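# Overview (structure and organization)
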Amino acid sequence: MNMEHLAAALDNFTWGPAMIVIMGVTAVFFTVLMGFPQIRLFRHLIINTFGGNKKENGISPFQSFSIALGGRVGTGTITGTAGAILAGGPGAVFWMWLIALLGSATAFVESTLGQIFKKKIRGEYVGGPAFYIETGLGWKKTAAVYAGVTAFFMLIFASIQSNAFASIVKSNFQVSSVLIGVAYAVLLFLVIFGGAKKIAKVAEVIVPFMTAGYILLALVMFIVNYQEIPHTFGMIFKSAFGIDAVFGGIVGNAISWGFKRGSLSHEAGQGTGAMVSGTAEVSHPAKSGLAQAFSVIVTILISTATVFMIFSTKSFNVASPAGGFLMENVKGLSSGGFTSYAINSFVPGFGAVFISVAMFLFTFTTVLAYSIYLESSVVYFLKEKAETARLKQCMTVLNVLMIGMVVSGAFVSADLVWSVASICSGIVSIINLISVFCLRKYAFAALKDYERQVKAGIDPVFVPKDCDIQHAELWERIVAEQYADEKEEYGKVFGR
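Treat the numbers as computed from the prediction; the structure is a model and nothing was measured. (Residues numbered from 1 in each chain as written. Predicted model: local features only at pLDDT ≥ 70, side-chain atom pairs only at ≥ 80, totals over all residues. Heavy atoms only, no water.)

## Let's talk about the packing of helix H17 (residues 351–382) against helix H18 (residues 390–408)
- Where H17 meets H18, the axes come as close as 10 Å, and the angle between the chain directions of the two elements is 145°. The hand of the H17/H18 crossing is right-handed. The residues of H18 that touch H17, namely those facing Val367, Tyr370, Ser371, Leu374, Glu375, Val378, Val379 and Leu382, are Arg390, Leu391, Cys394, Met395, Leu398, Asn399, Met402 and Val406.
- Looking at the contact of H17 with H18 residue by residue, the classes come out as 12 nonpolar, 2 polar and 2 charged. (Axes fitted to C-alpha atoms, helices over the stretch in contact; angles between N-to-C directions. Helix = DSSP H or I, 4+ residues; strand = E, 2+ residues; numbered from the N terminus. Left-handed = near helix turned anticlockwise from the far one by under 90°. Contact = heavy atoms within 4.5 Å. Nonpolar A, V, L, I, M, F, W, Y, C, P; charged D, E, K, R; others polar.)

Here it is as C-alpha cells:
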C-alpha cells in the first residue's frame, strides 16, 4: 500500500460513522439547548458582524469575521464542494448545508469560549481551543496535542490552497508551476510579515469583494437558468435520502462526504474560528461568537453559489464506488474543473479568468488566516516567553516554512495532501468538540447574559462573576479600561 492509499484509508477511518455522529449530535445539541440562535438571533448575527470598532489591543469584529471567513471558504467552496459532488453525488450538498447550518451553533460556542478565556500577550489578545482547554478544563496535555496538530494542519493545508490555485491556472493558461508558486509566495510574504493587524486590514478588503463577486455571478446564472431551479433542488433532496433512482445506492457516501467537505469548508467544530475570535476587541464574548456564527452561514451561500453554477449547466460527474461513473456529463473532467467549465459554458472564455481570480482571492485569504492560527499555537506553547523576542523568532521560522509549503504545493499530489489535511482536521475536531461540549455551560451563560442585557436596552458588557464564570480575570481589566461607560450603565440597570 503506497502513501496515497494509506492516507486515504486513514482519512476514511477518521471521518467514519463515529465522527459524523459526534459532529452531528454536538451541533444539534447546541442548537436546540440555545433555542436555535442562528435563526432566532439572526439580526444580532449581522449587527455584531458589522458593528463595533477596532481598538489598540485587538482587531474589530468585522476584521475578525473577514479573517475567519477567509479561512473558512478557501478551496472548500469551489474544489471541496465539487469533490463532494463527485464522490457523494448531489445529495452530499444537502448534508453540507445541514451541517453548516447546525454547525453555526457550534461556531458560536467555541468562538465565545475563545473570547471568555483569551489572554493578553505583548499588548494584543490571543485565544482559541488550546487556551480554553487548559484554562477551563485543566487538560494541559490535551491542549498541547491540539495546538501541535493544528500547527501541522495549517502548514499542510497551506499547500492545498496553492495547489488548488496552481492546478486551475496551469490547466487554463499553461503557466509554469514554478512561476505560480514563487509569485504566490512573494505576495504572501509581503502581507504575513506585517502581523495580525496587517492581515486583518487586507482581509477586510478582499473577503467582502470576493464573496460579493462570486455570489453575484451565481445569482445571474440562477436568474438566466431559472428553469433549472426545480430540477436542481429536487435532485439534491432526492439524492440526499436515497429516493433518486441513479444515486440511491450512495446515500452513505453523500452523508460522509457532505460532512467531511462541509467541515473543511466552514470549519465549525475545528476550533480555528475561535482562534480569530479570541483576537477581537468586543465588550461581551457573545458578540464575537455571534459574528463567527454568521461567517459559517455565509459559507452556505458561497457553497450554494458553486453548486448552482455546476448543476444548472450540468458540469459535473458522479463517481461509482465500484469504479467508473454513475453519471458522466463531461467526459474526462475532474472535480477541480467543474466550476470553471460551468462558467465557461455560461459565458464562453470568461470562466477561466473568473475562476482563476476567485481561486486566488479565496486561497490567499485562507493562508493569511492560517498565519493567525499558527501564532495562536505558538503563543500557547511559549506562554510567558511569548513576551520576549522568542515569539517573533518562532513565527518567522513558521511563516517561512509555510511559504515554502505554498511553493511546494504547486508540485505535490493533491490527493495525498487532501487526505493528510483531512486526517488532521478530524483529529483536532474530535478534541475540540469534546472540549466545547464539556465547557458548554460557560458559552450558554454568556448568551443568556447577552440576551438579558439586550432585553434591558443596554449595550452588553461582560462581568464574569455575574455569569458564575471563573478564570476570566482579564475581562475585569478589559471592562474597566475599555468599557467603563457601559459598565456604569450596567450597574444602574442591574444594581451592581
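Don't stop here, the text continues.
## Describing the pattern of salt bridges
- Scanning the entire structure with this criterion turns up 6 salt bridges.
- When the shortest N-O distance is used, the salt bridge between Glu228 and Lys314 registers 3.4 Å. One end of the pair, Glu228, is in the loop between helix H11 (196–224) and helix H12 (229–240); the other, Lys314, is in the loop between helix H15 (285–312) and strand S3 (317–319), with 86 residues separating them in the sequence.
- Residue classification places Glu228 among the buried residues on the basis of a relative accessible area of 15%. (Salt bridge = Lys/Arg side-chain N within 4 Å of Asp/Glu carboxyl O. Buried < 20%, exposed > 50% of the residue type's maximum accessible area, 1.4 Å probe, protein only.)

## A short note on helix H10 (residues 177–192)
- Counted at 1.5 Å a residue, the expected span for H10 with its 16 residues is 22 Å, and the 22 Å between its end C-alpha atoms agrees.
- All buried positions along H10 are accounted for by Ser177, Ile180, Gly181, Tyr184, Ala185, Leu188, Val191 and Ile192. Seen from one end, H10 has its buried residues packed into an arc of 125°, which puts them on one side. The outward face of H10, more than 90 degrees from its buried face, is lined by the exposed residues Val178, Leu179 and Leu190. (Expected span 1.5 Å × (residues − 1). Arc of directions from axis to C-beta.)

## Remarks on the nonpolar core
- Val109, Leu113, Tyr214 and Phe311 are the most contacted members of the largest nonpolar core, which has 143 residues in total.
- Residues within four places of Leu113 in sequence aside, it is in contact with Tyr132, Val436, Leu439, Tyr442 and Ala443. (Core = buried A, V, L, I, M, F, W, Y, C linked by side-chain atoms within 4.5 Å.)

## So, the packing of aromatic side chains
- By the definition in use, this model includes 17 aromatic pairs.
- Seen in terms of ring centroids, Phe131 and Tyr380 are 5.8 Å apart; in terms of plane orientation they differ by 90°. Their pairing is edge-to-face. Taken together, the residues span a long stretch of sequence, with Phe131 in helix H8 (residues 129–137) and Tyr380 in helix H17 at a distance of 249 residues.
- We classify Phe131 as buried; its relative accessible area is 8%.
- A cation sits over an aromatic face here: Lys118 above Tyr125, 3.9 Å from the ring centre. (Phe/Tyr/Trp six-rings, centres within 6.5 Å; stacked < 30°, edge-to-face > 60°. Lys NZ or Arg CZ within 6 Å of the ring centre and 35° of its normal.)

## Some thoughts on the side chain of Ser376
- For Ser376, the location among the structural elements is in helix H17.
- A polar contact is formed between the side chain of Ser376 and the backbone oxygen of Gly127, at a distance of 2.8 Å.
- Filtering out sequence-adjacent residues up to four positions away, Ser376 remains in contact with Val126, Gly127, Phe131 and Met275. (Polar contact = N/O pair within 3.5 Å; in protein donor to acceptor, adjacent residues only side chain to side chain.)

## Comments concerning the environment of Phe152
- Along the chain, Phe152 turns up in helix H9 (residues 140–173).
- C-alpha separation for the pair Phe152 and Cys424, spaced 272 residues apart in sequence, amounts to 8.0 Å.
- With near-sequence residues (within four places) excluded, Phe152 lies in contact with Val420 and Cys424.

## Section: the pairing of strand S4 (residues 325–328)
- Pairing geometry for S3 and S4, over 3 bridges, is antiparallel. Paired with Asn317 across the bridge in S4 is Glu328.
- In this antiparallel pair of consecutive strands, S3 and S4, the connection spans 5 residues, and Gly323 shows a positive phi of 110°. (Pairing = 2+ DSSP bridges.)

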